[in-house]
Amino acid sequence: MHGQFRKRYTQTTQEQKIYAVQEVLKNGRGRKDVADELHVSVNSVTTWIRKYKEDGKNALSPYSQEEISRLKEIEKKYNEQQKMELLKKLPIYIHLKKLLYPRKLKNL
């Protein structure tokens, strides 16, 4: 019975956080009112507002800036690797095209 009335934590999306911040900052709603609507604490809403003011809406992402940078770097390396694989195949493609092109002329 001890934990019977404990508030359960809910996972909020970036969109919900942005909604909460805009409701407070742009529409003038109270933090408690918005927190109750989203079933989160007033402290959470206050934290989101602070982060939003400091770094914009990207600060409300569930991923840290370090994680986002790391993933972008991985994506960049992957794309470079894909380009290199394609370029490795390019000489074969050019060679085949040269072989096929004269045959087409002979058929004309």
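Above this text you will find the structure in question.
In this text, all values refer to a predicted model and were calculated from it rather than measured experimentally.

**Notes on the environment of V45**
With respect to the helices and strands, the residue V45 is situated in helix α3 (residues 42-55). Look at V45 and you get buried, because its relative accessible area is 1%. Sequence separation between V45 and A35 is 10 residues; the distance between their C-alpha atoms is 6.4 Å. Not counting the four nearest positions on each side in its chain, V45 is found in contact with V24, R31, A35 and V40.

**Things to note about unusual backbone geometry**
A positive phi angle, close to 60 degrees, is found at H39, a residue other than glycine. Along the chain, H39 falls in the loop between α2 (31-38) and α3. Assessed through its relative accessible area of 55%, H39 is described here as exposed.

**Comments concerning α3**
A rise of 1.5 Å per residue sets the reference length of α3, with its 14 residues, at 20 Å; its end C-alpha atoms lie 20 Å apart and thus fit the reference within 8%. For α3, the elements touching its buried residues are α1 (14-25) and α2. With its phi angle positive at about 80 degrees, G56 sits one or two positions after the end of α3.

**Things to note about the nonpolar core**
Listed in full, the 12 residues of the largest apolar core are I18, A20, V21, V24, V34, A35, L38, V40, V45, W48, I49 and L60. Of all the elements in the fold, those that place two or more residues in this core are α1, α2 and α3. At four residues, α1 tops the list of elements feeding residues into this core.

**Quick look at the packing of α1 against α3**
Relative placement of two packed helices is described by the angle separating their axes and the distance separating the axes. Where α1 contacts α3, the axes come no closer than 9 Å and their chain directions differ by 85 degrees. Classified by the angle their axes make, α1 and α3 are roughly perpendicular. Residues K17, A20, V21, V24 and L25 of α1 touch α3, and the partners they reach there are V45, W48, I49, Y52 and K53. Looking at the contact of α1 with α3, its residues break down into eight nonpolar, no polar and two charged.

Cut-off values and rules
Numbers given for residues are sequential positions, taken from 1 along each chain in its written order. Under the rules for a predicted model, residues below a pLDDT of 70 receive no local features and side-chain atom pairs below 80 are neither given nor counted, while totals for whole chains, interfaces and linings still include all residues. Note that the side-chain values use all heavy atoms of the structure and ignore hydrogens as well as water. Labels follow the DSSP assignment, with helices taken as runs of H or I lasting at least four residues and strands as runs of E lasting at least two, numbered in each case from the N terminus. Buried residues are those whose accessible area, probed at 1.4 Å on protein chains only, stays under 20% of the maximum for their type, while exposed residues exceed 50% and partly exposed ones sit between those limits. Residue contacts are defined here by distance: any two heavy atoms, one from each residue, within 4.5 Å place the two residues in contact. How far a helix is expected to stretch is found by multiplying one less than its residue total by 1.5 Å. To qualify as a nonpolar core, a set must consist of buried Ala, Val, Leu, Ile, Met, Phe, Trp, Tyr and Cys residues joined through side-chain atoms within 4.5 Å. Helix axes use the C-alpha atoms of the stretch in contact, all axes being lines fitted to C-alpha atoms, and the angles between their N-to-C directions lie in the range 0 to 180 degrees. For classification purposes, an angle smaller than 35 degrees is called roughly parallel, one larger than 145 roughly antiparallel, one from 65 to 115 roughly perpendicular, and anything else oblique. Three classes are used: nonpolar for Ala, Val, Leu, Ile, Met, Phe, Trp, Tyr, Cys and Pro, charged for Asp, Glu, Lys and Arg, and polar for all others, with Gly counted as polar.

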